[in-house]
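Topology and contacts: notes
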Amino acid sequence: MPKLATASLGGSATHRDPSMQRHSHTSSDPLEVCVTEGIQPLSWVQRLLTRLVSRRHSFPPACSKMVTAKVWVLKKHFEGFPKTSDFDLKKIELPNLKDGELLLESVFLSVDPYMRPYSQRDMKEGDIMIGTQVARIVESNNPAFTVGAFVVARSGWRTHFISDGKDLQLLPSSWPESLPKSLALGTVGMPGLTAYFGLLEVCKMKLGETVLVNAAAGAVGSVVGQLAKIGGCKVVGCAGSDYKVAYLKKIGFDEAFNYKTVVSLDEALRQASPDGYDCFFDNVGGEFTSIAINHMKKYGRIAVCGAISQYNDTVPQKGPYVQVPMIFKELQMEGFIVTRWNNRWEEGLKALLKWVVEGKVKCHEQVTEGFENMPMAFIGMLKGENLGKAIVKV
Ligand SMILES: NC(=O)C1=CN([C@@H]2O[C@H](COP(=O)(O)OP(=O)(O)OC[C@H]3O[C@@H](n4cnc5c(N)ncnc54)[C@H](OP(=O)(O)O)[C@@H]3O)[C@@H](O)[C@H]2O)C=CC1
Ligand SMILES: CCCCCCC/C=C/C=O
């Protein structure tokens, strides 16, 4: 049977970084063994058996019974940094299933930075918080979906929900049994795809180049660095604690530093790559970008992926004043949203899954236990308490 080299996700916490001990726990010490490596896919015989067994239990569907879902709503629009009092936990009674519908229960939910700016832009007070989850099908009146199967859904912060199946993505059939399904929200999900398309299509990274990435120990950044290494680049990353910096070195970054403790960011960037940077994958924006842009090489490319340093600002930051370096270094700077490549997600997920299975891309997750702790996990992630992908396990 395929076997994870690491303790399985969901074990007890063994953090060295005290700032991370408050609410989260992870599988094991990431500096020791928290990598996912050497996983072999199930054989076709095993897969066939699994499908036959689960089908036997799925039709006819079990009798419907009333299900009460817990949901988190945005009680009050965030002002500055989100607070737990901005959220409300509510209960909703779900109706019986109609023909073609499914009942799902969330198993893992994602907390992501985009929820902060998107809530401001797209939500009104009283709406259920936006977000994605890995969910298990518990009842099905839809022959295309088998009870027991796992899907990625975009149903917001809910424990249970009903779907007609149109908005659900089944996990790839080649997903190894031993691989945590939560990775479908991280390295083998939207954040991994952001790294993949941002590097390939926006940075247009080439063999031998030097790549800079900030928020490097997070969900997107940790994949950016590892993909750039696979692509034959030199990789420089920065993150907000020494613990995270040690992790970056562990997973193959050539240079890494703690942007919070360096005396001069300018000097740290120069030291890490005296010749400058061909590609800059920017997750942070603001002052960091203003400084980093001066370290770009001629014809460098900047992928503007995120601006987390600005999401909680009540007063807009000044700058960055990018025109002069952009002109004289003839830089390209391009913002992007990962959904631009919606029609290529299958390609990206296949590549990411393969690298994870082969052990070429290592994953770490910061797992918070309990649906009740969603707001805390979200706020913790914005504060930088996560190493790798921030996940909530229901
Ligand atoms: N364009 C797109 O399609 C997408 C964009 N994104 C963006 O990518 C970025 C990373 O997302 P994701 O990987 O999911 O999140 P992460 O897992 O990286 O978590 C967020 C991290 O941001 C860092 N951070 C928080 N505040 C600041 C700050 N003021 N200055 C510098 N760093 C800060 C913290 O790490 P540290 O300890 O290092 O400070 C924190 O851990 C975000 O900006 C997000 O909005 C994500 C997905 C899609
Ligand atoms: C699967 C949901 C797609 C969400 C797209 C998120 C884009 C992020 C932008 C900035 O963080």
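Residues numbered from 1 in each chain as written. Chains lettered and ligands numbered in written order. Predicted model: local features only at pLDDT ≥ 70, side-chain atom pairs only at ≥ 80, totals over all residues. Heavy atoms only, no water.

The chain is annotated in an unreviewed UniProt entry as Prostaglandin reductase 1 from Aquila chrysaetos chrysaetos. The annotation that UniProt attaches to the chain under Sequence similarities (unreviewed entry) is "Belongs to the NADP-dependent oxidoreductase L4BD family." Comment text from UniProt for the chain, heading Subunit (unreviewed entry), reads "Monomer or homodimer." (UniProt positions renumbered as here; feature names shortened; annotations may be inferred.)

Comments concerning the sheet that holds strand S10 (residues 234-239)
What the six strands build is an open sheet, ordered S11-S10-S9-S12-S13-S14; its pairing is parallel. Each of the sheet's edge strands pairs with one partner strand only, and the pair in question is strand S11 (255-258) and strand S14 (332-335). Each adjacent strand pair in this sheet contributes to an overall mean axis angle of 15°, direction not counted. Pairing geometry for strand S12 (residues 277-282) and strand S13 (residues 296-304), over five bridges, is parallel. (Pairing = 2+ DSSP bridges. Helix = DSSP H or I, 4+ residues; strand = E, 2+ residues; numbered from the N terminus. Axes fitted to C-alpha atoms, helices over the stretch in contact; angles between N-to-C directions.)

Details of the site of ligand 2
By nearness alone, every residue bordering ligand 2 is listed as Tyr-114, Tyr-118, Thr-132, Arg-154, Tyr-311 and Ile-337. Starting from 360 Å² of accessible surface for ligand 2 in isolation, the protein chains cover 82%. Split by residue class, the shell around ligand 2 holds four nonpolar, one polar and one charged. (Near = heavy atom within 4 Å. Areas by Shrake-Rupley, 256 points an atom, 1.4 Å probe, with all protein chains shown as cover. Nonpolar A, V, L, I, M, F, W, Y, C, P; charged D, E, K, R; others polar.)

Focus: the site of ligand 1
Contacts to ligand 1 come from 27 residues, most closely from Val-220, Lys-244, Tyr-259, Tyr-311 and Asn-386. Within the contact set of ligand 1, a nitrogen atom lies 2.8 Å away from a backbone nitrogen or oxygen of Phe-336. Val-338 is positioned with one of its backbone polar atoms (N or O) 2.7 Å from an oxygen atom of ligand 1. Its free accessible area being 910 Å², ligand 1 has 89% of it covered by the protein chains. Among the secondary structure elements, those contributing two or more residues to the shell around ligand 1 are helix H3 (190-203), helix H4 (219-230) and helix H10 (374-383). Within the shell around ligand 1, the residues separate by chemical class into 17 nonpolar, nine polar and one charged. (Polar contact = N/O pair within 3.5 Å; in protein donor to acceptor, adjacent residues only side chain to side chain.)

Concerning the environment of Lys-234
You can see Lys-234 is positioned in strand S10. Through-space distance from the C-alpha of Lys-234 to that of Gly-252 is 9.8 Å; in sequence the pair is 18 residues apart. Ignoring any residue separated from it by four or fewer positions in sequence, one finds Lys-234 in contact with Glu-209, Thr-210, Val-211, Lys-229, Asp-254, Glu-255, Ala-272 and Ser-273. For Lys-234, the side chain forms a polar contact with the main-chain oxygen of Ala-272, separated by 2.9 Å. (Contact = heavy atoms within 4.5 Å.)

Observations concerning the UniProt feature "domain: Enoyl reductase (ER)" (unreviewed entry) in the chain
Mapped onto this numbering, the UniProt entry gives "domain: Enoyl reductase (ER)" (unreviewed entry) at residues 80-392. Structurally, residues 80-392 comprises 28% helix and 25% strand, and the distance from its first C-alpha atom to its last is 23 Å.

Regarding the pairing of strand S4 (residues 102-110)
Moving residue by residue along a regular strand, the side chains alternate between the two faces of the sheet. A large share of S4 lies buried, amounting to seven of its nine residues. In this structure, S4 lies alongside strand S5 (residues 133-140), joined through seven bridges in antiparallel fashion. Paired with Glu-105 across the two strands is Arg-136, which belongs to S5. Sheet topology places S4 next to strand S7 (residues 160-163); four bridges connect them, and they run antiparallel. (Buried < 20%, exposed > 50% of the residue type's maximum accessible area, 1.4 Å probe, protein only.)

Looking at H3
The largest bend in H3 is about 25°, located at Phe-197. Of all 14 residues in H3, eleven are buried; the element is thus mostly enclosed. Looking at H3, one finds that the buried residues are Pro-191, Gly-192, Leu-193, Thr-194, Ala-195, Tyr-196, Phe-197, Gly-198, Leu-199, Val-202 and Cys-203. Two residues or fewer past H3, Lys-204 is found with a positive phi of approximately 50°. (Bend = angle between axes of the 7 residues up to and from the residue.)

Some details on the pattern of salt bridges
Should their charged atoms come close, side chains of opposite charge can pair. Tallying each qualifying case throughout the model produces 20 salt bridges. Here Lys-83 makes a salt bridge to Asp-86, at a shortest N to O gap of 3.6 Å. Looking at Lys-83, the relative accessible area reads 40%, which means it is partly exposed. Ionic pairing is found between Arg-270 and Asp-266, a salt bridge with its closest N-O pair at 3.0 Å. Of the two residues, Arg-270 and Asp-266 both sit in helix H6 (residues 265-272), four residues apart, roughly one turn of that helix. Judged by its relative accessible area of 30%, Asp-266 is partly exposed. Each of Glu-201, Arg-344 and Glu-347 takes part in a single network of salt bridges with overlapping partners. (Salt bridge = Lys/Arg side-chain N within 4 Å of Asp/Glu carboxyl O.)

Here's the deal with the packing of H3 against H4
Relative orientation of the contacting elements H3 and H4 amounts to 45°, with a least axis distance of 8 Å. As summarised for this structure, H3 and H4 are arranged oblique, according to the angle between their axes. Seen from above, H3 lies across H4 with right-handed handedness. Contacts between H3 and H4 pair Pro-191, Gly-192, Thr-194, Ala-195, Tyr-196 and Leu-199 from the former with Ala-219, Val-220, Val-223, Val-224, Leu-227 and Ala-228 from the latter. Considered class by class, the residues forming the contact of H3 with H4 number ten nonpolar, two polar and no charged. (Parallel < 35°, antiparallel > 145°, perpendicular 65-115°, else oblique. Left-handed = near helix turned anticlockwise from the far one by under 90°.)

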